[in-house]
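# Examination of the molecular architecture
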Amino acid sequence: MEREWHSHIKKHGKYRSGFEKQIADTLKEAEVMFRHEPEGIPYKNNTGSHYYYPDFVVRLKDGTRVFLEVKGYMPLEASIKMRCVKWQNPDRIIWFIFQDGKTKVGSRKSTNMTWAKRYGFPAAEKTIPPEWLEQFMTKEEWKARRDVDNLLKDIAPQNWGAQKREVSGPST
């Protein structure tokens, strides 16, 4: 589901925080193909059905989509929401980038980084690690991949696999 409105006033252009803008700038500098707040991921909790809107989506070089969630602070409600999203959408890959990995999650004893590790979310702090950036598809790689996909569509017969073949068995 595409996002129709935003509940927060954005103070940094189209980004919600200076840290989110910093991560976007890092992606741009590395020429990574990404989208900001691309789509809603459905989840349910005790108050009903909702959508979670990840901050960014990138593609790995193999084409896998990865959602990046940028957090300056992780309130307890957000940590519960993210666990619901992960549990109810096991096919979605979500990685966290925390402004400070040592900040406590809500009023809990857990830090952002220990929380992420406990619940199986890859996480980094302060910036995108170089080993992550190396895995992300660049704009040039994205364009080359799309060119190949378009070429394959052009040369493939439109009815490939749609033709029925008559099979004759042994006569009895």
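Before any of the text, the structure's been laid out above.
Now for a quick tour of the structure. Model, not experiment: these values are computed from the prediction. (Residues numbered from 1 in each chain as written. Predicted model: local features only at pLDDT ≥ 70, side-chain atom pairs only at ≥ 80, totals over all residues. Heavy atoms only, no water.)

When its secondary structure is counted, the chain shows five helices and seven strands. Taken from N to C terminus, the helices and strands of the chain fall in the order α-β-β-β-β-β-α-β-α-β-α-α. Within the chain, the proportion of its 172 residues that are buried is 34%. Residue pairs at least 24 apart in sequence account for 61% of intrachain contacts in the chain once pairs closer than 6 positions are excluded. Summed over all atoms, the accessible surface of the chain reaches about 11500 Å², with 52% contributed by carbon and sulfur. (Helix = DSSP H or I, 4+ residues; strand = E, 2+ residues; numbered from the N terminus. Buried < 20%, exposed > 50% of the residue type's maximum accessible area, 1.4 Å probe, protein only. Contact = heavy atoms within 4.5 Å. Areas by Shrake-Rupley, 256 points an atom, 1.4 Å probe, with all protein chains shown as cover.)

Enumeration over the complete set of coordinates arrives at seven salt bridges. Of the charged contacts, one joins E39 and R65 as a salt bridge, the two residues approaching to 2.9 Å between their closest N and O atoms. On the criterion of sequence distance, the pair formed by E39 in the loop between β1 (34-36) and β2 (41-45) and R65 in strand β5 (residues 65-71) is long-range, its members being 26 residues apart. On the accessibility criterion, E39 (13% relative accessible area) is buried. Residues E125 and K126 are paired through a salt bridge, measuring 3.7 Å at the closest nitrogen-oxygen approach. A single salt-bridge network, built from bridges that share partners, covers E39, R65, D91 and R92. (Salt bridge = Lys/Arg side-chain N within 4 Å of Asp/Glu carboxyl O.)

Now for the pairing of β2. Here five bridges tie β2 to strand β3 (residues 48-52), and the two strands are oriented antiparallel to one another. In the strand pairing of β3, N45 is matched with G48. Count of turn residues in the β2/β3 antiparallel hairpin: two residues. (Pairing = 2+ DSSP bridges.)

Turning next to the nonpolar core. Nonpolar side chains in soluble globular proteins tend to end up buried together. Ranked by size, the top nonpolar core spans 19 residues in total, and within it I23, L27, F56, V58, L68, W132 and F136 carry the most contacts. At the level of secondary structure, the elements contributing two or more residues to this core comprise α1 (18-29), β4 (56-59), β5 and β6 (94-98). In terms of residue count, α1 provides more of this core than any other element does, four residues in total. Setting aside residues up to four positions removed in sequence, L27 forms contacts with V32, F34, F56, V58, L68, I128, L133 and F136. Ranked by size, the runner-up nonpolar core spans 17 residues in total, among them V85, F98, V105 and W115. (Core = buried A, V, L, I, M, F, W, Y, C linked by side-chain atoms within 4.5 Å.)

Time to look at the environment of W95. Looking at the element boundaries, W95 is found in strand β6. Beyond its immediate chain neighbours, meaning those up to four positions away, W95 contacts L60, V66, F67, L68, E69, P122, W132, Q135 and F136.

Mapped onto the elements, T26 comes out in helix α1. When sequence neighbours within four positions are dropped, the list of residues in contact with T26 reads T127, I128 and L133.

This part takes up α1. In this model α1 runs 16 Å from its N-terminal to its C-terminal C-alpha over twelve residues, within 8% of the 16 Å that 1.5 Å per residue would give. Every buried residue belonging to α1 is among F19, E20, I23, A24, T26 and L27, and all of these are buried. Looking straight down α1, one finds its buried side chains confined to an arc of 155 degrees; they lie on one side. On its buried face, α1 is in contact with β1, β4, β5, β6 and α4 (130-135). One or two residues past the end of α1 sits E31, with phi positive at roughly 60 degrees. (Expected span 1.5 Å × (residues − 1). Arc of directions from axis to C-beta.)

Glancing now at the sheet that holds strand β7 (residues 123-125). Taken together, five strands build an open sheet; the order of strands is β1-β4-β5-β6-β7 and the sheet is mixed. Strands with a single pairing partner mark the edges of an open sheet, and in this sheet they are β1 and β7. Each strand axis lies, on average, 25 degrees off the axis of its neighbour in the sheet, ignoring direction. With three bridges joining them, β6 and β7 adopt parallel strand pairing. Pairing of F98 across the sheet is with E125, part of β7. (Axes fitted to C-alpha atoms, helices over the stretch in contact; angles between N-to-C directions.)

Taken by themselves, the reported measurements are silent on function.
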